[in-house]
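# Summary of structural features
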Amino acid sequence: MKKAIIYLFSFILSFSASGKTLEDIISEFSKTPHAENVNLRKFLFSSLTIVNWGSKDFNKKINSMSVLDLESCSRDTKLQFAEQIENLEIEGYEVLMKVKDDDDNVLIMSKSKKGKVKELIIITVNDPTIIRLKGNFKLSDLADIKKEYGGTKRN
């Protein structure tokens, strides 16, 4: 009987410790007090310069942009965010770069289809933010992002 209880407890713990998807995290944290969640659609990019790394004009390639900013949230919320990002389920995404040192904790991922990057995700943990760009990018368009974040430091 004790073994059955221990197995059941272990089974339940394994589900609670498993990672959440990006959608789960965005949905959960967008509802927290003081969280800022902004969604911009394509028509706004024609008149605004939102993203411009180097000489690349990304505005024409962006279909939508979502930003979840938790900077004004409580310390506990920020710690929960960091923990969930650490255990993020990234199935379907390719990690382009991960920078983790004393000053930065940045994760950049993409989702591609037919040789084009359809979705670009930039997650910063120290300044808790998720930026999601949807559009049609070439991998060469993203080269300046690597320069922006200073290479590929990994821990």
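Computed from a prediction, not measured in an experiment: that's the story for all the values here.

## Thoughts on the overall build of the protein chain
From N to C terminus, the protein chain includes five helices and six strands. Along its sequence from the N terminus, the protein chain presents helices and strands in the succession α-α-β-α-β-α-β-β-β-β-α. Looking at the protein chain residue by residue over its 155 residues, the buried ones come to 34%. Sequence-distant contacts in the protein chain: of pairs separated by 6 or more residues, those separated by 24 or more amount to 58%.

## Points about the pairing of strand S4 (residues 105-113)
In terms of strand pairing, strand S3 (residues 94-100) meets S4 through six bridges, oriented antiparallel. Bridge pairing in S4 places Lys 98 opposite Leu 107. In sequence, S3 turns back onto S4 through a hairpin of four residues. As defined by bridge partners, S4 adjoins strand S5 (residues 116-124) across eight bridges and the pair is classed as antiparallel. Counted as the bridge partner of Lys 111 is Glu 119 from S5.

## Topic: unusual backbone geometry
Backbone geometry follows two general trends: most residues other than glycine have a negative phi, and most peptide bonds adopt the trans configuration. The phi torsion at His 34 lies on the positive side, around 75°, for a residue other than glycine. Among the secondary structure elements, His 34 is positioned in the loop between helix H2 (22-29) and strand S1 (36-41). The exposed category is assigned to His 34, whose relative accessible area is 58%. The residue Lys 114 is not glycine, and still its phi comes out positive at about 55°. The topology assignment puts Lys 114 in the loop between S4 and S5.

## A look at the layout of surface pockets
Counted as a void, the largest pocket has a volume near 160 Å³. In terms of lining, the largest pocket is formed by Ala 82, Ile 85, Glu 86, Leu 88, Ile 90, Val 95, Lys 98, Lys 100, Asn 105, Val 106, Leu 107 and Val 125. Within the residue set of the lining of the largest pocket, elements represented by two or more residues are helix H4 (75-86), S3 and S4.

## Describing the packing of aromatic side chains
Scanning the model with the defined rule gives one aromatic pair in all. Ring centres 5.6 Å apart and planes at 90° place the aromatic pair Phe 29 and Phe 81 in the edge-to-face group. Of this pair, Phe 29 sits in helix H2 while Phe 81 is found in helix H4, placing the two residues 52 residues apart along the sequence. Using a relative accessible area of 0% as the deciding quantity, one classes Phe 29 as buried. The exposure class of Phe 81 is buried, given its relative accessible area of 0%. Above the face of the Tyr 93 ring, Lys 111 is positioned so that its terminal group lies 4.5 Å from the ring centre.

## Quick notes on the confidence of the model for the protein chain
Per-residue confidence for the protein chain averages 78 on the pLDDT scale, and 71% of its residues sit at or above 70. This model gives residues 4-17 a pLDDT under 50, and the stretch forms zero contacts once residues within four places in sequence are excluded.

## Considering the pattern of salt bridges
Counted by the stated rule, this structure contains four salt bridges. One salt bridge connects Glu 23 with Arg 132, and the closest N-O pair in it is separated by 2.7 Å. Residue Glu 23 is located in helix H2, and its partner Arg 132 is located in strand S6 (residues 129-137); the two are separated by 109 residues in the primary sequence. Accessibility expressed as a relative area gives 44% for Glu 23, which makes it partly exposed. Here the residues in one salt-bridge network are Glu 23, Glu 119 and Arg 132, joined through shared partners.

Here is what the cut-offs are and how they apply
- Residues numbered from 1 in each chain as written.
- Predicted model: local features only at pLDDT ≥ 70, side-chain atom pairs only at ≥ 80, totals over all residues.
- Heavy atoms only, no water.
- Helix = DSSP H or I, 4+ residues; strand = E, 2+ residues; numbered from the N terminus.
- Buried < 20%, exposed > 50% of the residue type's maximum accessible area, 1.4 Å probe, protein only.
- Contact = heavy atoms within 4.5 Å.
- Pairing = 2+ DSSP bridges.
- 1 Å grid on protein atoms, 1.4 Å probe; cavity = no way out; pocket = protein on both sides within 12 Å on 5 of 7 lines; lining within 4 Å.
- Points joined across faces, edges and corners; volume = space filled by probe spheres on them.
- Phe/Tyr/Trp six-rings, centres within 6.5 Å; stacked < 30°, edge-to-face > 60°.
- Lys NZ or Arg CZ within 6 Å of the ring centre and 35° of its normal.
- pLDDT = per-residue confidence, 0-100.
- Salt bridge = Lys/Arg side-chain N within 4 Å of Asp/Glu carboxyl O.

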